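Structural overview
Chain by chain, the residues run as shown.
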Amino acid sequence: MTLVIKFCLNSEVFTLEVPHSEESLWFNLTNDDEFTRQYIQELHAAGQFPTVPIINEMYRIYDDEKILLWTANDDNTQETLNLNKTEEATDKPSREPYNQTEDDRATWTNGEVLALIAAYETHKENFNSAKKRKHVWEVISNELISLGVEKHAKSCETKWRNLIRTYKAIKER
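The model shown is predicted, which means the values in this text are computed figures rather than measured ones.

Our focus in this paragraph is the overall build of the protein. On a plain count of helices and strands, the protein comes out with seven helices and four strands. Each helix (α) and strand (β) of the protein, taken in turn from the N terminus, gives the series β-β-α-α-β-β-α-α-α-α-α. Considering the protein as a whole, with its 173 residues, one finds that 37% of them fall into the buried category. Across the protein, the fraction of contacts at a sequence separation of at least 24, relative to all contacts at a separation of at least 6, is 53%. Element-wise, carbon and sulfur atoms account for 51% of the exposed surface of the protein, whose accessible area totals about 10800 Å².

A few words on helix H2 (residues 33-45). Taking 1.5 Å of rise per residue, 13 residues should cover 18 Å, and H2 covers 18 Å from first to last C-alpha, within 8% of that figure. Every buried residue of H2 is accounted for by Asp-33, Thr-36, Arg-37, Ile-40, Leu-43 and His-44. Each buried residue of H2 lies within a common arc of 125° when the element is viewed along its axis, so the set occupies one face. In the stretch just after H2, Gly-47 is the one whose phi turns positive, near 90°.

Scanning the entire structure with this criterion turns up three salt bridges. Between Glu-121 and Lys-124 there is a salt bridge, with its nearest N and O atoms 3.1 Å apart. On the basis of relative accessible area, Glu-121 is assigned to the partly exposed category, the value being 41%. Residue Arg-161 pairs with Glu-157 through a salt bridge whose shortest N-O separation is 3.7 Å. Here Arg-161 pairs with Glu-157, and both are found in helix H7 (residues 153-172), just four residues apart, close to one helical turn.

On average, residues of the protein score 75 in pLDDT, and 80% of them are at 70 or above. Put simply, helix H3 (residues 102-105) is where the protein has its lowest mean pLDDT, 50, and helix H6 (residues 136-146) is where it has its highest, 91. Considering only residues more than four positions removed or in separate chains, one finds that residues 74-100, a stretch of pLDDT under 50, has 50 contacts.

Read across the sheet, four strands follow the order E2-E1-E3-E4 without closing on themselves; strand pairing throughout is antiparallel. Only two strands of the sheet have a single neighbouring strand rather than two, namely strand E2 (12-19) and strand E4 (65-71). Direction aside, the axes of adjacent strands within the sheet are offset by 30° on average. In this sheet, strand E3 (residues 57-62) lies alongside strand E1 (residues 2-9) in antiparallel orientation, the contact comprising four bridges. Considered in E3, the bridge of Phe-7 is made with Arg-60.

Note: α-helices contain 3.6 residues per turn, so residues at a spacing of three or four share the same orientation. Over its 20 residues, H7 extends 29 Å from the first C-alpha to the last, a length consistent with the 28 Å expected when each residue adds 1.5 Å. By the burial criterion, the buried members of H7 are Ala-153, Ser-155, Cys-156, Lys-159, Trp-160, Asn-162, Arg-165, Thr-166 and Ala-169.

This part is about the pairing of E4. Pairing of E3 with E4 involves six bridges; the strand directions are antiparallel. Following the sheet pairing, Arg-60 is matched in E4 by Ile-67. A loop of two residues connects E3 with E4, the two strands running antiparallel in sequence, and Asp-63 in this loop sits at a positive phi of about 50°.

The rules behind these values
Residues numbered from 1 in each chain as written. Predicted model: local features only at pLDDT ≥ 70, side-chain atom pairs only at ≥ 80, totals over all residues. Heavy atoms only, no water. Helix = DSSP H or I, 4+ residues; strand = E, 2+ residues; numbered from the N terminus. Buried < 20%, exposed > 50% of the residue type's maximum accessible area, 1.4 Å probe, protein only. Contact = heavy atoms within 4.5 Å. Areas by Shrake-Rupley, 256 points an atom, 1.4 Å probe, with all protein chains shown as cover. Expected span 1.5 Å × (residues − 1). Arc of directions from axis to C-beta. Salt bridge = Lys/Arg side-chain N within 4 Å of Asp/Glu carboxyl O. pLDDT = per-residue confidence, 0-100. Pairing = 2+ DSSP bridges. Axes fitted to C-alpha atoms, helices over the stretch in contact; angles between N-to-C directions.

And the structure:
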């Protein structure tokens, strides 16, 4: 039995099949953006994506939804992510992909996840209101910060989506 993950590099869709025995790899590829970028980089360097010499955009696809992992169009610059390890490094200064902070890529502890779940439960009715929906993750983030959990709104939203995605995947087995 295999677990399937879809990615889009530029406009090409690729499917990775992960053996069920590698469940931790599948979990990391579906939940950890930084891990996923590095893993795709290694696959690309090994020749797994020969039709994509330079990557301008990288997405994870889940339930026909494209989730951005990296883009070259950050801050209106036109840098590209060349994942071919055989080329010489350029003199361009490196920059963080997708403008993520360390907080956004940080691992969540079990206590932090439980605090996120509790905060979501407290504010879940606000997701039904179009006026309030826009700011709910900010409110949740502020509530977590008041509890000593330093997570930004985008990080909270991403973690919540990943929790739901993982739950659905486990439930479907």
